[in-house]
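Summary of structural features
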Amino acid sequence: MRALWEKLCRIFRIQNKTVQIILTLVIIGSLFFVFMISNVYTETYDIERFSNANETIRAPITIEDAKETEHRRREAVQSIEDRYSISAEITEERIDYVKELFDAVGTVSVKSSESDEEIQQSNAETVQDLKQLLTPEILDAITQNTLVNLVEASDSDRSVAKELLITSLYDAFNEGIRTEGIEETIGNLNQKLRYSSLSNDLQTALIDIGEFAIVENSFFSVNETMEAENQAINNVEPVMIRAGEVIVQEGQTITNELYEKLKLVGLLNSDRNVFPVIGLLIIILLLLGLIFYDMNDFAKHQTLDHRKLIGISLISVGVVGVMKSVSYFATNVNQLFFLVPIITGVLLLKLLFREKSAITFALVFSVIGSVIFNGQIPGSLNVEVGMYFLFSQLASIIFLVKIKDRSAILKASIGAAIVNILTVLLFLFLSYEKYVLLDYVVFSGYGLSAAFIACILTIGILPFFESELGILSDTKLLTLASPNHPLLRKILMDAPGTYHHSVMVANLSEAACENIGANGLLARVASYYHDLGKTKHPHYFIENQMGIQNPHDYLDPIESAEIIIAHPYDGAEMLRKHKLPKEIIDIAEQHHGTTLLKYFFYKGKESGKSIQESDYRYPGPRPRTKEAAVISICDSIEAAVRSIQEPSMEKIDEMITSIIQERLLDGQLDESSLTFKELDVIKTTVNESLNGIYHSRIQYPTGKKTKEA
């Protein structure tokens, strides 16, 4: 992959960082599109009516079947019977006629019984009196024989008959009597009266009165009927085709109804549209915009070369590829997305690059996860997956601190595992579904397993990026900073003065880099190795000349200069041979830039020989990163301050100022992107550090003075 990338860079002659970033984003975006297209753009089928389905076809979306809904609503309306309203006025009117008749008969009977005449009037005369009391409606409908039977009946029988008839009429009227039901109602009344204990004559009279009283009192109600129909329509739920629902079973005949359903959910070739693809492209463009901003910001503060771009691409595609693979086995029941080791990507990004980039990709992976785990339902996002992935990744980033060794990855994974379990429980508790204890254990186990699988993957994959792609991580730097490293032991044994000088430079450089926002750990480790080349001729460097004659006293200035000038490149060659990271090799090669060896240059001038200034300058290159520039400055300052007799704050400050100004005027910092403000911070930091080292000390008394005391 690395060789392929380098070949592409050579083919297209990419020099501009922005173009490299854009090319990387095109590759990443294309692979994102391939992984997510099936989740937003479902397969379509070339199916004819009345053919047999070659496979089981499921609905890709949730949509209402409007035709079926309308059909069910029509059936519901047709099932509604006509609504009738019962007229209470008619009911009371007909009952009042019956009451009037019985009251009139009672009145006539009472008058007859209360008469002082010795001989009771005849029944004919009583009926005649009764007719004078009744309304014409009653007289027109009731026969003479009925009136006679009522008059001849005893008061008790007549009272029972009245109560029975009125009660029966109320029952009939309250149920509602329609025109077509009058005969049936009269028949039911006659049947009821026939089974009473009344005399036959009285029963006949009641039947005659009932036929007169029973009329239509129930009429068709347009409003009530329409209200019932509307209620029936509202009670019909819309017929929905649910996403994932089986529309056609394998081998089933495609009827007109099934064909219309397939057409409705857009599964026929003729219904294919590009809108889901456009939506997916918009999502990808938004995510790529976020990544571009992060990469561009990264390039402003740190070196972003093709190796790092390859690393970011591999991590991004790898994480999304794992999500896609797991999604093929995930369902609404097993919820395997809890098992995805999603934090692997952000752990690698934080270890290999920076925390800000890890946070950016945490957002990107969460959005992509919500699409990939949508059950291949176009237009839907699985918010639960997005939240779970986001919480898990942010937790791992937060808990990955104090990276002293690879155990920090395990600690971060433990923190992420706790957050995973809490998030899983959150979803289960908020769910409407009922889960048993086993579900809580299984899903929590998924979250726990995901974190520790990610830990194993991160520890296993990290060396690949460090060695094969040459990406420098903090863990790699910490390994290189170990005093037991063979090269550091070589410096300590062969050039102890240089080792001490390197440690001092490391302290100054780390503090300065951290204060200007550069990589302090890289500066410290690179400082340990920057003078490795001095181990080739250790005694030619003054810090290693303890108790011996200076060998430069016996050499021509040009020979001495050649030995001194060679040490950055000797060191770089030794570092390459031991396969140390390129960043450390570059700093070792650049830490003297193209500076002039003034001592030997002026010494050569004093010899009277014709000399070239270029022979006494380091061939470069000049420092190209902030870390290299800081080490270059601190290297010169530490050596210069060490040469000051009785150093004081004023002398140290003056020395630091002169060295920085000299480097600026000589153009040694032109390629390092250091600003004047950052140079002021470096000056202040180094000044404070050196004054802490070379602070004033009391003069301890000599042995003689101690005796006298």
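Everything below is about the structure printed above this text.
Anyway, here's the lowdown on the structure attached to this text. Keep in mind that this is a model prediction, so the values were computed, not measured.

Thresholds applied
Residues numbered from 1 in each chain as written. Predicted model: local features only at pLDDT ≥ 70, side-chain atom pairs only at ≥ 80, totals over all residues. Heavy atoms only, no water. Helix = DSSP H or I, 4+ residues; strand = E, 2+ residues; numbered from the N terminus. Buried < 20%, exposed > 50% of the residue type's maximum accessible area, 1.4 Å probe, protein only. Contact = heavy atoms within 4.5 Å. Areas by Shrake-Rupley, 256 points an atom, 1.4 Å probe, with all protein chains shown as cover. Lys, Arg positive; Asp, Glu negative; His and termini not counted. Salt bridge = Lys/Arg side-chain N within 4 Å of Asp/Glu carboxyl O. Axes fitted to C-alpha atoms, helices over the stretch in contact; angles between N-to-C directions. Parallel < 35°, antiparallel > 145°, perpendicular 65-115°, else oblique. Nonpolar A, V, L, I, M, F, W, Y, C, P; charged D, E, K, R; others polar. Patch = residues over 30% accessible without salt bridge, like charges linked within 9 Å, V, L, I, M, F, W, Y side chains within 5 Å. Charge placed at Lys NZ, Arg CZ, Asp CG, Glu CD. Core = buried A, V, L, I, M, F, W, Y, C linked by side-chain atoms within 4.5 Å. Phe/Tyr/Trp six-rings, centres within 6.5 Å; stacked < 30°, edge-to-face > 60°. Lys NZ or Arg CZ within 6 Å of the ring centre and 35° of its normal. Left-handed = near helix turned anticlockwise from the far one by under 90°.

With that settled, the discussion passes to the overall build of the protein chain. When its secondary structure is counted, the protein chain shows 30 helices and six strands. C-alpha extents for the protein chain along the principal axes are approximately 185 × 80 × 45 Å. Burial analysis of the protein chain (709 residues in total) assigns 45% to the buried set. Relative to all contacts within the protein chain whose residues are 6 or more apart in sequence, the contacts with residues 24 or more apart total 78%. Of the accessible surface of the protein chain, which amounts to about 37400 Å², a share of 55% is contributed by carbon and sulfur atoms.

Within the secondary structure, Arg663 is located in helix α28 (residues 649–665). For the buried Arg663, no salt bridge exists, and the shortest N-O distance to an oppositely charged side chain is 5.7 Å, to Glu662. Setting aside its immediate chain neighbours within four residues, Arg663 contacts His591, Thr595, Ser632, Ile633, Ser636, Gln668 and Leu669.

Further remarks concern the packing of helix α14 (residues 306–327) against helix α15 (residues 343–352). With their axes 10 Å apart at the nearest point, α14 and α15 run at an angle of 170° to one another. Taken together, α14 and α15 sit at an angle that is classed as roughly antiparallel. From α14, Ile312, Ile315 and Val319 reach across to α15, where they touch Gly345, Leu348, Leu349 and Leu352. Of the residues assigned to the contact of α14 with α15, the class counts are six nonpolar, one polar and no charged.

A surface patch of like charges, here negative, comprises Glu89, Glu92, Glu93, Asp96, Glu137 and Asp140. Among the secondary structure elements, those contributing two or more residues to the negative patch are α4 (88–114) and α6 (136–141). Ranked by residue count, the leading element in the negative patch is α4, at four residues. Inspection of the secondary structure assignment puts Asp96 in helix α4. On the accessibility criterion, Asp96 (40% relative accessible area) is partly exposed.

It is worth spelling out a nonpolar patch on the surface at this point. Together, Leu381, Val383, Met387, Phe391, Leu426 and Leu430 line one region of the surface with nonpolar side chains, adding up to about 550 Å² of accessible area. Sorting the residues of the nonpolar patch by element identifies α17 (383–399) and α18 (407–430) as the ones contributing at least two each. It is α17 that provides the largest number of residues to the nonpolar patch, a total of three residues. Inspection of the secondary structure assignment puts Leu430 in helix α18. Judged by relative accessible area, Leu430 falls into the exposed class, the value being 64%.

Bringing the nonpolar core into the picture now. Phe32, Met323, Ile368, Phe373 and Phe389 are the most contacted members of the largest nonpolar core, which totals 69 residues. Secondary structure elements with two or more residues in this core: α2 (17–40), α13 (275–301), α14, α15, α16 (355–372), α17, α18 and α19 (437–467). In contact with Met323, other than residues within four places in its own chain, are Val340, Ile342, Phe365, Ile368, Gly369, Ile372, Phe373 and Phe389. Counting 50 residues, the second-largest nonpolar core is a separate cluster that includes Leu508, Ile585, Ile587 and Ile631.

Considering all chains together, one arrives at 18 aromatic pairs under this definition. Centre to centre, the rings of Phe373 and Phe389 are 6.0 Å apart; their planes meet at 80°, and the pair counts as edge-to-face. Within this pair, whereas Phe373 is found in the loop between α16 and α17, its partner Phe389 is found in helix α17, the two being separated by 16 residues in sequence. Among the residues examined, Phe389 registers a relative accessible area of 0% and is labelled buried. With centroids separated by 5.3 Å and ring planes inclined at 65°, the aromatic side chains of Phe601 and Tyr602 adopt a geometry described as edge-to-face. Following the ring pairs from residue to residue traces out a cluster consisting of Phe337, Phe338, Phe373, Tyr388, Phe389, Phe427, Phe443 and Tyr446. The residue whose ring lies beneath Arg94 is Phe212, and the NZ or CZ to ring-centre distance is 4.7 Å.

For the rest of this paragraph, the subject is the side chain of Ser196. Within the secondary structure layout, Ser196 lies in the loop between α9 (182–194) and α10 (200–213). With residues near it in sequence (within four places) discarded, Ser196 still touches Leu164 and Gln203.

The next point concerns the environment of Ser327. Summarising the element assignment, Ser327 is placed in helix α14. Considered as a pair, Ser327 and Asp103 are 224 residues apart in the sequence and their alpha carbons are 89 Å apart. Setting aside chain neighbours within four positions, we find Ser327 in contact with Ile372 and Phe373.

For the pair α18 and α19, the least separation of the axes is 8 Å and the interaxial angle reads 155°. As the angle between them shows, α18 and α19 are arranged roughly antiparallel. The two elements α18 and α19 meet at a crossing, and its hand is right-handed. Here the residues of the contact of α18 with α19 are counted per class, giving 19 nonpolar, five polar and one charged.

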